[in-house]
Amino acid sequence: SNQGQMIRMWKNILVLHNRGYSANQVHRASVVIDISKCFVSNQNARVSLSFERRRFFATEPPASAFRARLATDLSASMKAQDKARVSAIRAITSKITYKQKEKGGDVSDEEVVKLLVDHLKECEDTEATMVANQRDDLAQKERELISIIKSYLPDLSAIRLRVEAAVRDSEATSLRDMKKIVDALSVTVDKLELPVARSMIKDVLEKKA
């Protein structure tokens, strides 16, 4: 039936979103499906829609390796009925989507890592608040979320050691020396690790003082 066809079409939009396609890419697919609403009984239109969807999938791969991994993990978590991981991945994906809309375009993997670092800090602050308020149940939920976020980040302990070494080798004493620290870090960390390293500099400097 026409109603059944439309349900399947809208499910395809959800698939695109979950696979990590950009907002613009999903919008293009949505337009194609919207147009098809008027012609679902027309054979030529159905053939045109089928061709356009195949071309879309063939020429518009996911823009981010991170988002592709998140989409795969979300699907696996849903099948495993892992509610905590499903909730965490959806929260991360929501932040990425918001950033895309704010920026007006795709976000890089480096920007995704920065979002994850900020999200991790928020969760750690929330966990500390819950512990202070003796809400162990809510604190435990935050710990689970923190663990999931960390699974998408580089090795934090190893990066921390490199930040400490960069601060020491550059003889930095305050955030005014940020450029010297980052220059020293550029030798030991890659592009995806740099946002994580930057987030640690202030804390390392404070503990050194």
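Scoring rules and cut-offs
- Residues numbered from 1 in each chain as written.
- Predicted model: local features only at pLDDT ≥ 70, side-chain atom pairs only at ≥ 80, totals over all residues.
- Heavy atoms only, no water.
- Helix = DSSP H or I, 4+ residues; strand = E, 2+ residues; numbered from the N terminus.
- Buried < 20%, exposed > 50% of the residue type's maximum accessible area, 1.4 Å probe, protein only.
- Contact = heavy atoms within 4.5 Å.
- Areas by Shrake-Rupley, 256 points an atom, 1.4 Å probe, with all protein chains shown as cover.
- Salt bridge = Lys/Arg side-chain N within 4 Å of Asp/Glu carboxyl O.

**Student:** Looking at this structure, I do not really get the overall build of the chain. What am I missing?
**Tutor:** The secondary structure content of the chain amounts to 10 helices and 0 strands. Listed N to C, the secondary structure of the chain is α-α-α-α-α-α-α-α-α-α in terms of helices and strands. Looking at the chain as a whole, 37% of its 209 residues are labelled buried. Partitioning the intrachain contacts of the chain with sequence separation of at least 6 by distance along the chain shows that 68% fall at a separation of at least 24. Surface exposure of the chain reaches about 12700 Å², of which carbon and sulfur atoms provide 54%.

**Student:** What exactly am I supposed to notice about the pattern of salt bridges here?
**Tutor:** For side chains of opposite charge, pairing can occur when their charged atoms come near one another. Counted under the stated rule, the structure contains 15 salt bridges. Between lysine 99 and glutamate 102 there is a salt bridge, with the nearest N and O atoms lying 3.6 Å from each other. On the criterion of helical spacing, the pair formed by lysine 99 and glutamate 102 is a turn pair, its members being 3 residues apart in helix H5 (residues 83-103). A relative accessible area of 54% places glutamate 102 in the exposed class. Among the salt bridges present, the one from glutamate 111 reaches lysine 103, with a minimum N-O distance of 2.9 Å. When salt bridges with common partners are traced through the structure, they connect Arg160, Glu164, Asp203 and Lys207 into a single cluster.

**Student:** When you look at the environment of valine 187 in this model, what are you seeing that I'm missing?
**Tutor:** For valine 187, the position within the fold is in the loop between helix H9 (178-185) and helix H10 (194-208). Put simply, valine 187 and alanine 166 are 21 residues apart on the chain and 9.5 Å apart in space, counted from C-alpha to C-alpha.

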